[in-house]
8 protein chains.
Amino acid sequence: MRLQKNSTLLFIGDSVTDAGRARPVAEGHFGQLGGSYVGIIQSLLDAYRPDCNLRILNTGVSGDTSQGLKGRWQEDVLAHKPNYVSLLIGINDVWHQYDSPRSPQNRISLETYKATLESLILSSLVNGVEQVILFTPFYIEPSLQDPVRVQLGQYGEAVKQLAAKHHCILADAQAAFDEACKQYHSSMYSSDRVHPNQTGHTILAKTFLEAIDVKLG
Amino acid sequence: MRLQKNSTLLFIGDSVTDAGRARPVAEGHFGQLGGSYVGIIQSLLDAYRPDCNLRILNTGVSGDTSQGLKGRWQEDVLAHKPNYVSLLIGINDVWHQYDSPRSPQNRISLETYKATLESLILSSLVNGVEQVILFTPFYIEPSLQDPVRVQLGQYGEAVKQLAAKHHCILADAQAAFDEACKQYHSSMYSSDRVHPNQTGHTILAKTFLEAIDVKLG
Amino acid sequence: MRLQKNSTLLFIGDSVTDAGRARPVAEGHFGQLGGSYVGIIQSLLDAYRPDCNLRILNTGVSGDTSQGLKGRWQEDVLAHKPNYVSLLIGINDVWHQYDSPRSPQNRISLETYKATLESLILSSLVNGVEQVILFTPFYIEPSLQDPVRVQLGQYGEAVKQLAAKHHCILADAQAAFDEACKQYHSSMYSSDRVHPNQTGHTILAKTFLEAIDVKLG
Amino acid sequence: MRLQKNSTLLFIGDSVTDAGRARPVAEGHFGQLGGSYVGIIQSLLDAYRPDCNLRILNTGVSGDTSQGLKGRWQEDVLAHKPNYVSLLIGINDVWHQYDSPRSPQNRISLETYKATLESLILSSLVNGVEQVILFTPFYIEPSLQDPVRVQLGQYGEAVKQLAAKHHCILADAQAAFDEACKQYHSSMYSSDRVHPNQTGHTILAKTFLEAIDVKLG
Amino acid sequence: MRLQKNSTLLFIGDSVTDAGRARPVAEGHFGQLGGSYVGIIQSLLDAYRPDCNLRILNTGVSGDTSQGLKGRWQEDVLAHKPNYVSLLIGINDVWHQYDSPRSPQNRISLETYKATLESLILSSLVNGVEQVILFTPFYIEPSLQDPVRVQLGQYGEAVKQLAAKHHCILADAQAAFDEACKQYHSSMYSSDRVHPNQTGHTILAKTFLEAIDVKLG
Amino acid sequence: MRLQKNSTLLFIGDSVTDAGRARPVAEGHFGQLGGSYVGIIQSLLDAYRPDCNLRILNTGVSGDTSQGLKGRWQEDVLAHKPNYVSLLIGINDVWHQYDSPRSPQNRISLETYKATLESLILSSLVNGVEQVILFTPFYIEPSLQDPVRVQLGQYGEAVKQLAAKHHCILADAQAAFDEACKQYHSSMYSSDRVHPNQTGHTILAKTFLEAIDVKLG
Amino acid sequence: MRLQKNSTLLFIGDSVTDAGRARPVAEGHFGQLGGSYVGIIQSLLDAYRPDCNLRILNTGVSGDTSQGLKGRWQEDVLAHKPNYVSLLIGINDVWHQYDSPRSPQNRISLETYKATLESLILSSLVNGVEQVILFTPFYIEPSLQDPVRVQLGQYGEAVKQLAAKHHCILADAQAAFDEACKQYHSSMYSSDRVHPNQTGHTILAKTFLEAIDVKLG
Amino acid sequence: MRLQKNSTLLFIGDSVTDAGRARPVAEGHFGQLGGSYVGIIQSLLDAYRPDCNLRILNTGVSGDTSQGLKGRWQEDVLAHKPNYVSLLIGINDVWHQYDSPRSPQNRISLETYKATLESLILSSLVNGVEQVILFTPFYIEPSLQDPVRVQLGQYGEAVKQLAAKHHCILADAQAAFDEACKQYHSSMYSSDRVHPNQTGHTILAKTFLEAIDVKLG
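Residue positions are counted from 1 within each chain, in the order its sequence is given. Lettering for chains starts from A, numbering for ligands starts from 1, and both go in the order in which the items are written. Totals for whole chains, interfaces and linings use every residue, but because this is a predicted model, local features are given only for residues with pLDDT of at least 70 and side-chain atom pairs only at 80 or more, for both listing and counting. For the side-chain quantities, the full set of heavy atoms in the structure was used; hydrogens and water were omitted.

Please set out the packing of aromatic side chains residue by residue, giving values where relevant.
All names here are of chain B. The criterion for an aromatic pair is that two Phe, Tyr or Trp rings (for Trp, the six-membered ring) have centres within 6.5 Å, with stacked assigned to planes under 30 degrees apart, edge-to-face to planes over 60 apart and tilted to the rest. Scanning the model with the defined rule gives 56 aromatic pairs over all chains in all. Judged by centre distance (5.9 Å) and plane angle (25°), the rings of Phe135 and Phe208 are stacked. Of this pair, Phe135 sits in strand 4 (residues 131–135) while Phe208 is found in helix 9 (residues 198–211), placing the two residues 73 residues apart along the sequence. A single burial state applies to Phe135 and to Phe208, both of which are buried. Strands are runs of DSSP state E lasting at least 2 residues, helices are runs of H or I lasting at least 4, and numbering of each runs from the N terminus. Note on exposure labels: buried denotes an accessible area under 20% of the residue type's maximum, exposed denotes more than 50%, and partly exposed covers the range between, all computed with a 1.4 Å probe on protein chains only.

Structural data, given as C-alpha cells:
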C-alpha cells in the first residue's frame, strides 16, 4: 500500500462522494459513510486488509463544484488533519453547461478548474497532508462524439497534469469506466451516466485501491 | 386535422405514456392523464384548437413491452371503443438487454416485436378503430455508435414499415429527438435518455400533433 | 418574436405563477419552474422554437398582492438583471374582499394597485429591463353580474392603460378566458375560477406567446 | 318537530354528505359523522334540543350520482331500518357534463334522475320508512346565466314535484344558497360552488332543521 | 344582540379555544378558526344572522393558563384592536394539580387567577375594548364530590364576581354543562371531561350566543 | 405462586389488554406484547421472579365486548392450549350506552354478559385450561353517583359471583382503582377513566400478581 | 426508603436513560419520561408505594458520555434543584473504542472518567443535592473474555470506589445483569447488549429500588 | 472460478440474505438485490471479473428457518432453474431458543436441520442444479462460552458434513468471522452479532468468492 498504515484518509467531492453520508463529517460502520465508493473502500479494506487500519472520513457534498470545494477546504478538509486526501470533482463544473445551457452560475472554466485544484493541492501539502489522491472526473459515456465526455476529458487531462506536477496519486476513473463500457453498456453502471450504481461505485473503489496499490487477497 | 372531430383517441404505451395517470383508465382535466405528452396534447388542443373536441384516454402502463400490450389489448384498448389508437412501445423490449444483460425475461426480439405490433394494428382495425397512430420508439441519444440507439433504430424501422403497410399515421419520435439533439445535449430533454422531462414530452406532443396535421395558431 | 433572442425573461406573480416552483429563484428543466404557465412556455419554446434561446426565471409567490411585489422587487426581480419581466398580479388584491369580506388586510384599492404597478414598471425600465409584459389579472367567470369579475375587470383596465402609457406588451388573460368560456364552462379550466388547471395554464402560455409574437410551427 | 322523537334518521348523498364520515355506516359523537351538515345537525340537536333524541346515521359516498344510490339503497338505507331518510343528490348527475364534457359515463338525464328518485322514495315508503326528506341539489351560483345553475335548477324542480306528489318534506338548499348569495359572494360559502365550507354546511343544517320544523331556542 | 353590528370580536383561551386554529391570528372561512366553538359561532352567525356581520378572530393557545394570557395580552389581544374580547381560561390553572400533583409549575392560585383576570379586563377596557365576555371555566363532571369540579367551581365564582363588578357579559359554561349532564352522561360531550367534542363545542357556542342575546331563527 | 411454573398464561380482553400488541398472537420481549399490563407483568416476572418461567401470550382486541370474545374464543384462546387464561372484559358492554346512548349495537345486558362469561369459563375448563383468572371490569371513577361506575359495578359483581362459583382467581381491578383514587385523582391514572396510563397499567399488573400470589422481592 | 418522601429525584444519563423522553426536562404520567427504567420506577412507586410521593425528573441524552454530562450539569441537573440525583453513564466512554476503533473523539480514559464523575458528585453535594445514586455502567455480556465487558468493569470499579468514598448509594447494574445472564441468554434482555428491552429496563428499576431500599408489597 | 461462466447463481437464506431485496425474485443493478452480501458479490464480480458473467438471483426471506426453506424450495429455487444455489440458513433455527426461550414455534433441532438441508441439497441436484454452495450459519461471537455460538457451531458442523458428503462447495462464514474477531471486536461487524453491517457483509462476500475460487485482481 502506498499509504502508511494507521493513518487518516479523507474523501471529498460532490454527490458521487456524498451519497447520503452523515453530517457534519462522516465516519464509522453503520451507514454513516453513505452509499458511495467510500463505504465500499472501507468495507473492502476491513474485510480483506484489516492490517491497513485506515481511519476513513467523508465530507462530500452533493452538487458541489471545484469552486465550492475551495470555500469549505479549511473546515471540511484541513480541520480534520488527514494524512491523505482523496479528491473527486469536476462533473458539475462541466455537465450543467449542457443540461442547463442558459444558467451561467455553475460554469467553471478549465482554467479556473485547474487553478483551483492546484491551490487545493498546495494548501493541503503545506498544511501537513502527506499525499493527495486525485480522481479524474468521469462521464460514463464511451462515445468521444459526446460533448460532455469530450469537455470533461479536458478537465481530466488537467487532473493528470496536476498529479504529475505535484506527485499526487492518480485514480483514473474515466479510464476505468471507458474500459468497463467496452464490456457492458453504460446503463449497467449508471442510469444517467453521472451517478454510479453499486457496480459503478465498486469500479471506483477498485480504481482507488489499485491506485494506492492495495491487493485484495 | 387528419382525425375526425368529436371522436375518441386512446393512448397506450409504457412508462413514457403512463407518467402517473389515473387508474383504471385516465381521462379528464385534473391531472388524471398524468405528466406525459398525453396531457400536453389534450391541453394544447383545448387551448389552441377547442374545435377539435377530442375525447382523450390514457392506458399506458410503466414497464410495459410489446408482449405486455398484447395481453391487455382487449381490456385496455378495444373495450373503450376508441376511434383512434396511439401506440408508443419498444424501449423496454430493447433497453433491458443492455442494463440487465443477463435477465432474459424482457427481451423481445425484433421479429416478435414486429409481429406483435402488426397483430395489435390488425386487431384494432377489425374491431372498429378507424386509424392507428404509431410512434417510433426512441432513445434520446444522437450517437449511432450507441448499441441501444442502433438496435432501437431497427425496431423503429419495423414501425415505419408497419405504418406504411397498414396506412397508419407515423409519429417519428426518434427523428424528432435526433433533430433536437442537434440543438442541445440530450440531457436537456431527459436525464437517462429514456424518460423525457417536460420539454422532452412537449417534443413528443409536437411530433404527434404534426403527424395528425394539427396546426397551433 | 418581440423579445430579443438569447436574453433573460423573468416571470413574477402570485400562486398562479408560483405553482410549486423551486426556491429561491427557479430555472431549469427538471420541474424547478413549477406547474404553471411558466414551465409550459419554456417547454413550448424549447420544443417549437429552440432558436429563441430564452433563459427563463420564475419568482412567483403564492398569496402575493401588488403590495407584496413592491416589497420584494429589488431582490426577486432587479437583482437577477432580466432583459424582460412578465407580471401577473391582482386577484388577491380583489378576491379576498369577497371571500373574506371582513378582513381588511388584503384589500388593495384600484388606485393603490395602479400606482404600485406603475412604480414597478418604472423601476424596471430605469434599471435596465428592456420591456415589461403585463398580464391582465383574471377571474374565469363569464358573467358580468359577478362582482369579482366586474371589479377585477377594472383592475384589468388599469393594466391596459399602463401598458399603453409605458409601451409594455399586453397579455390579456381575462380576454382569453372570456373567449374560452364561450367554448366550455369555466370548470373546464379551473375548479375555483382562480387557479387554472393544465388546460387553463396552457391558455395563459398561448396568450403570452401570442403577445410576444411567437409562432409555434 | 315534524319527525317523531326517539327515532332513527339516516342521511344519504354524495361528497357533500360524506365529508370523511366513518365506514361502513357512520354514527356517534367523535367525528364519525364527518365534517358535513350531518354532524352539525346532530350537534345542534343535542345542544339545543336534546329532547328530540334522534339517532342519526350517515351513508353518503363521495362522487355518487342518483344511479349510484340506486345500487346501494338496500345495503346503505333499508338495511338500517331508519324511520326517516334524508336525500341530497344530483350535482354529479349534472356538473360533470360541464367540467368533463366529453366523458359520457356520469351523465344522468333529467328523466332518469327523476324516475330514479321516485323509485327510491317508493322503495323507502313501502319498506317502513315513515317519511323522506328531499334536499334540492344546489350550485352556489346566483347567476341564472350559468348553465350548471340552470340545468341543476331543472333537477331541483323535479325534486320539488316529487316532494309534492309523495308528501315528502322539502329542504330547498338551492333557495337557501340563492338567498345567502344576496348577502355575500358565493366564495364565502364554498371555493368551487359545489363543496360548502363550514358556513355553507351550517346553511344546509339550518335548511334541514327548518324543513322539519325544529326551533333552536 | 348585545354587541354592536359590524364590529370585531376576539376570542382567547387555551386548547379548548385553540383547537388547531391558524397562526399567528386566525380568521376566515376555510378552517382557519380551528375546530372549536369559535368556528361554530361564526358559521351559526353567518348562516342565521348575517346581518350581525361580526369579524371574528381567534388567538387561543393550547396549554395556556391565566398567567400565560397575561404575557401575551398586548400582542394577541390589544394589538388587534377588537371591539369585544371573549375569555375562556382556568382549567389548566387547576387541573394539573390533580393529574400532575408533584409538578409545581402550572399551579395558579385562586387569588392570582382572580387578580390576573381583573388586570386583563381592566387593561382591555382602558385600551378601547367596549365589552369583555367572560366564560366560566368548566369541568364536564356533574359530581360535586370531584375535587377538580369543586375547585374549578371556586374559580368560576371568581369569574362571576368579576363579571358583576366590571359589567362584563357572563357566559356560564359550567352551568351549561351541568345542565347537559342531567340529560346525558358527560362522555356524550367529552372523552376526558376537559376537551369538548363537536356537541360539547356547540353547547359552548349556544352559551355564548345566549349570553350576547343572539336569537337563531 | 398459585400458577404452576413452566406453564402458558394467555391474556385476552379489549383495548386495555391490546394496547398495540403484535398480530395474530403476541408473545416475546421486543414490544410484541404491546403497552399494557401484560408486558409489565412479563417484565416484572422476568426481572423479579425468573424462576416462574411463564410463557405469556396476548390476544386482546381493541373495542371488544363479551360477545366479541365468544366469537373468537376457539381461535384466540383454545387453539393456543394455554394452562391459564386471564380475562378482562366489560367496559365496552356498558360504557357505550352512555357515550353513544342511541346506538344499540354494543349494549350487552348484565344477563347476557354473565351468561357469556360463564360459557367462556366452562368452555375453557373443559378444554384443558387449568385455571381462569377474572379481572373485574373497571371505570377509574370513585363517585358512586356516576352511572357508568354504578352499572359497571354490577357487571363486576357478576364477575365476582362467577369467580366464586367456578373457583376462578379474582383480580379485582375496580377495587384497586377505587383504592388508588383515594390517594390521587383519577386523572393520575387515566385521561378518560377507561384507558390507563403506565401507572394505571402497573396497578393492573400489581392486582394480577397479588391475585396469583406472586411476591416481588 | 433511603430517600426522604415528598422530595425530588432527578435521573441523568445516556440513551439508556433518555429513551425518547420529553424535552427540555421530562416529568409526568403521559409518556413524557420515555420508555426507560425511569418511567418504570415512577409507575412502580405510584402503584406500590404512593406514600413515597417522589417527584421524578429525567434529563438523559442519547449518546452522552461522562464529558458530555459535565458540560450540561448546571443546566440539566443543578438548575432543577433536585434532592437526589441518579447517574448512569460510561458505556459510550468505552464501547466506541471497540465498534469505532479508529475514531478518537469518544474515548474517555478511565482516569478522566473517574475524575469527571467525582467532580459531578462534589458539585452536586455542595449545591444542595442530599444524596447521589450511582449506577455501575453495564454491558449485558457474561463473558469476562469480552474486552468491552472487561474494560467497562474497570469503569464500574471506579464507580464503586467513588460511591464508597463519597457515601453515595450504589446501584450495581452490571452485577444485576451478570446475575440475570445466569438465568437466560443476554438476548433476553437486549439485542445489542447495550440497550435493554422492557425486561432489561425492569431489571434496572429493580436494582435502583433495592438500592434505595424500597420494598414492593 | 469453480463455477461455469455465463451461468445462473441463486442465493437463498434468511434476513441476512434478504436485506430488503425486491419481490418476488430479485436481480439487477438498481438495488433490487438488497443490501446484503449478494449485491456486494455481484458488484465485485462485475467490477473485477466481468468475464465471469454470472446471472445472480436472490430469494432470501427475513425470519426464515430451514423448515421455511423447505416449504418454498420449489417456487423460490427450482422454478428459476439455477445452475448454482447458495444456501445460508440456521441462525433462526437456534437463536430464538435463547432470546425467546419459551416460544416453541421456531426451534428446529439439529437432526431436523441436518435432514432438511440434506433433502434440499438432493432435491436441487436431481433437478438440474450443478452445484450447491453451503454457508455455515454464524454468530459473530468469539467466545465459546456463549451458548448460541456453541449450539450454532454444531449446526455448522452438520453443514460441513453435508458439504463433504455431497461434494458441495463450503463457504465457512463462522470461521471467517471468528478470524475477523481476532482483529476487531464483534461490534465492528454487527450490532447484534447476527445481522452484519456493510463490513460484515463484505466478509461474507469474500468468503463466498474465495470458496468458488474467484480472484479479485
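And the narrative resumes.
So what's going on with the pairing of strand 1 (residues 8–13) of chain D? Which residues, and what values?
Within a regular strand, the side chains alternate between the two sheet faces. All names here are of chain D. Within strand 1, six of the six residues are buried, leaving the element largely enclosed by the surrounding structure. Neither face of strand 1 is left uncovered, since the one carrying Thr8, Leu10 and Ile12 and the one carrying Leu9, Phe11 and Gly13 both have all their residues buried. Strands are labelled as partners when DSSP assigns at least two bridges between them. Pairing geometry for strand 1 and strand 2 (residues 55–58), over four bridges, is parallel. For Phe11, the partnering residue across the bridge sits in strand 2 and is Asn58.

Explain the interface of chain A and chain H residue by residue, including any values.
Any pair of residues with heavy atoms lying within 4.5 Å of one another is described as a contacting pair. Counting residues at the interface gives 26 residues for chain A, matched by 26 residues for chain H. Of the roughly 2,400 Å² buried where chain A meets chain H, counting both sides, 58% is carbon and sulfur surface. Two parts placed together each lose some accessible area; with a 1.4 Å probe, that loss summed over both constitutes the buried area. In terms of surface lost to chain H, no three residues of chain A exceed His29, Tyr48 and Lys206 of chain A, which account for 22% of the buried area on that side. Salt bridges are counted wherever a side-chain nitrogen of Lys or Arg sits within 4 Å of a carboxyl oxygen of Asp or Glu. Along the contact surface separating chain A from chain H lie zero salt bridges. Residues adjacent in sequence count toward polar contacts only when both atoms are side-chain atoms; beyond that, a polar contact is any pair of N or O atoms within 3.5 Å, and within protein one must be able to donate a hydrogen and the other to accept it. On the surface where chain A and chain H come into contact, there are six residue pairs in polar contact (both at pLDDT 80 or more). Listing elements by their share of the side of chain A that touches chain H, those giving two or more residues are helix 2 (37–48) and helix 9 (198–211) of chain A.

Explain the relation of the copies chain A and chain H to me, and be specific about the residues and the numbers.
The operation relating the two chain copies consists of a rotation about an axis and a shift along that axis. Here chain A sits on chain H after a turn of 180° about the axis and a move of 0.0 Å along it, with an RMSD of 0.0 Å. Each copy turns onto its partner about a two-fold axis. Within chain A, Leu216 of chain A has its C-alpha nearest the rotation axis, a separation of 3.2 Å. When the copies are overlaid, the least-squares fit takes in C-alpha atoms only where the residue has pLDDT of at least 70 in both copies.

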